[in-house]
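Working through the structure, step by step
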Amino acid sequence: MDVIPSGLVLWNALIAVILALPLSWLVLLLYGRNLRQGMRGLSSATAGTELVLRSDAVRANRSSRGVRATPSAMKWRLVVVYALAALVASGTAVAFQALLPQAPRVRGLGQALVLVHATAWPLVPTLITVLSSSRAGASWVVVSYLMTGVVIALALVIQAKVPVVHGATIIKSLRADFSVVAMMATPPGLVLALLQQRRIRAASAFVLIALLVFAFATLAFLQALAAALGVSFDEITERGQQLSMLPVFLLLALPIGLVCWMTARWLVHAHRTRRFSDVQLSADAFWVIALMATSALLMPRTGWRGLWLLIVAFIGYRAAVALGLWLCPITSCDERPLDLLFLRVFHATAHAERLFDAIVPDWRFRGSVQLIGGPDLARRTADISEVLALLSGELRDTYVRSQADLDRRLAESPSGRDPDGRFRVHKLVCFEDTWQRAFEALLDRPDLVLMDLRGFTPANRGCVFELETILARGKAAHTLVVVDDAEGALRAALSESGLGEDALAALQMIRIRGNSSRTLRRVYTSLSELRPLTRHAAAART
């Protein structure tokens, strides 16, 4: 009874993938809707009280900064560490497969090298993700991986003592390597491509892993139940299809759901304690999905022993990443981290998302990003803890309701780097009557301010308040304002509020049209050239 019926594992995995797409979309839809409704409401905690900005609360957790590295050096560090971790994971998977008696035989060093290269294909989406690569950078990663296959093919030809000029032999060797890569990478690769769509990628990896764990745990439970009752696996599944047995199976499946829930809570705790960044979690999900697909292909032959391939290979991969990042610490440099406050017109969702994608991923190698959370960036800023809070009905508890909430959120705001060298995105989700004080608190923290006012209308009075506060705090020289054809409406609104042309002249403004990569790169360049606020000047104002 140790062997799983052929095709059942792959069928369960396929069902999990199909369900992950709409469920991820639904989770983020509910998250954004919850934010939209909550931000329009009033906080009961602030009735009759006023949120007072406290300088000690604002800077309570701005710990001293240690040695740092340049962004380019940190990216090369990630390339080396994750490439070695991929080699460990793929090598472990191939070696473990060779030890399984029912698994296909690995014949010789040449086939082993081909399998190692093919199994390491998740390195491509991993590097694209952890490096926040542009299209050119992503192309470089893909070409580098393919060229590694070419080198392996040439090495096999040389090992076989066949003249390198023998083109047919080289082509045959290349075809053997790339056909294995295509076979192993195409199905899970298509899954990853679907899950990395902008509309769902903030939650898709977490949702799919939860569904896959539940699906595999259900199979394990059914097989254990079949063994306990002394019946075949097919017979126990036939009984499960009977309507009278459905309540029993649902009741017995509750422990599986509890295990999934506890696993999710552990991931939240590990993320909060900086064992990994959100980007590292996405990269880890790639490897879980890819190794689970490899295990699913073996399990019809090897039974549950095939699942150990996933466990052992992933442990090797994760240990290699942790050890590599620890052995290769971030070196010192002259640049100090630059914290960024990201402001925008809340209802201009498309503008905000594209600018966020163009600025924030790379900026996180330079400093943290602060913002007021909103539904316009819900698909970009939702993390695993908020998804779990939404599912448990506790999302409203994360809102800023009172001065105590504000102090606590600011004290808990991340101030250091994650293991991969990134700073974190820290957002405050507020009610209608708490966001202004929260904004004033955030304004005293960053070195630079980026304000996207494209799509501005006179109805966006909150943006006018933010500009007035920026000018009053003397931060105009450290603020980059992005405008479009709506600049006239902005000037009229500022004039109406008592701010004249002198106030506009003090602001650093850049006019852009469209959301092309080249256009938004101009914004990043202009922001990088902006003069940051000095620490002693900031301290003098608080």
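The structure contained in this document is the topic of the report that follows. Quick caveat: nothing in here was measured; it's all calculated off a predicted structure.

Things to note about the overall build of the protein chain
For the protein chain, the count of helices and strands is 23 helices and 6 strands. When burial is assessed residue by residue, the protein chain has 49% of its 542 residues classed as buried. Long-range contacts, defined here as pairs at least 24 residues apart, represent 83% of the contacts in the protein chain between residues at least 6 apart. Summed over all atoms, the accessible surface of the protein chain reaches about 25,000 Å², with 63% contributed by carbon and sulfur.

Focus: unusual backbone geometry
The backbone of Ser132 shows a phi angle near 50°, a positive value even though the residue is not glycine. If you trace the backbone, Ser132 turns up in the loop between helix H5 (123-130) and helix H6 (135-159). Of note, the phi angle at Arg274 is positive, near 65°, even though the residue is not glycine.

Some points on the packing of aromatic side chains
This model, assessed by the stated rule, comprises 9 aromatic pairs. Where Tyr82 meets Tyr317, the ring centres are 6.4 Å apart and the plane angle is 50°; that geometry is what we call tilted. Highlighted residues: Tyr82 in helix H3 (residues 71-99) and Tyr317 in helix H13 (residues 307-327), separated in sequence by 235 residues. Relative accessible area serves as the criterion here: at 0%, Tyr317 is assigned to the buried category. Here the aromatic cluster, defined as three or more aromatic residues joined through ring pairs, consists of Tyr82, Trp287, Phe314 and Tyr317. Over the face of the ring belonging to Trp363 we find Arg366, whose NZ or CZ atom lies 4.5 Å from the ring centre.

Structural notes on a nonpolar patch on the surface
A cluster of nonpolar side chains, contributed by Trp11, Leu14, Ile15, Ile18, Leu19, Leu23, Trp25, Leu26, Leu29 and Leu30, occupies part of the molecular surface with about 870 Å² of accessible area. Mapped onto the elements of the fold, Leu29 is located in helix H1 (residues 8-40). Looking at Leu29, the relative accessible area reads 31%, which means it is partly exposed.

With respect to the sheet that holds strand E3 (residues 425-428)
With parallel pairing, the 6 strands of this open sheet are ordered in space as E3-E2-E1-E4-E5-E6. Lying at the two open borders of the sheet, with one neighbouring strand each, are E3 and strand E6 (508-511). Pairs of neighbouring strands in the sheet enclose a mean axial angle of 20°, with direction left out of account. Pairing of strand E2 (residues 369-372) with E3, which is carried by 4 bridges, proceeds in the parallel orientation. Bridging across to E3, Val369 finds its partner in Val425.

Structural notes on the packing of helix H11 (residues 254-272) against helix H16 (residues 384-391)
It is the contact of H11 with H16, at a shortest axis distance of 9 Å, that shows an interaxial angle of 140°. With respect to H16, the axis of H11 lies oblique. The way H11 lies across H16 gives a crossing that is left-handed. Between H11 and H16, the contacting residues are Trp261, Ala264, Arg265, Leu267, Val268, His271 and Arg272 on the first element and Ile384, Ser385, Leu388 and Leu391 on the second. Here the residues of the contact of H11 with H16 are counted per class, giving 7 nonpolar, 2 polar and 2 charged.

Calculation rules
- Residues numbered from 1 in each chain as written.
- Predicted model: local features only at pLDDT ≥ 70, side-chain atom pairs only at ≥ 80, totals over all residues.
- Heavy atoms only, no water.
- Helix = DSSP H or I, 4+ residues; strand = E, 2+ residues; numbered from the N terminus.
- Buried < 20%, exposed > 50% of the residue type's maximum accessible area, 1.4 Å probe, protein only.
- Contact = heavy atoms within 4.5 Å.
- Areas by Shrake-Rupley, 256 points an atom, 1.4 Å probe, with all protein chains shown as cover.
- Phe/Tyr/Trp six-rings, centres within 6.5 Å; stacked < 30°, edge-to-face > 60°.
- Lys NZ or Arg CZ within 6 Å of the ring centre and 35° of its normal.
- Patch = residues over 30% accessible without salt bridge, like charges linked within 9 Å, V, L, I, M, F, W, Y side chains within 5 Å.
- Salt bridge = Lys/Arg side-chain N within 4 Å of Asp/Glu carboxyl O.
- Pairing = 2+ DSSP bridges.
- Axes fitted to C-alpha atoms, helices over the stretch in contact; angles between N-to-C directions.
- Parallel < 35°, antiparallel > 145°, perpendicular 65-115°, else oblique.
- Left-handed = near helix turned anticlockwise from the far one by under 90°.
- Nonpolar A, V, L, I, M, F, W, Y, C, P; charged D, E, K, R; others polar.

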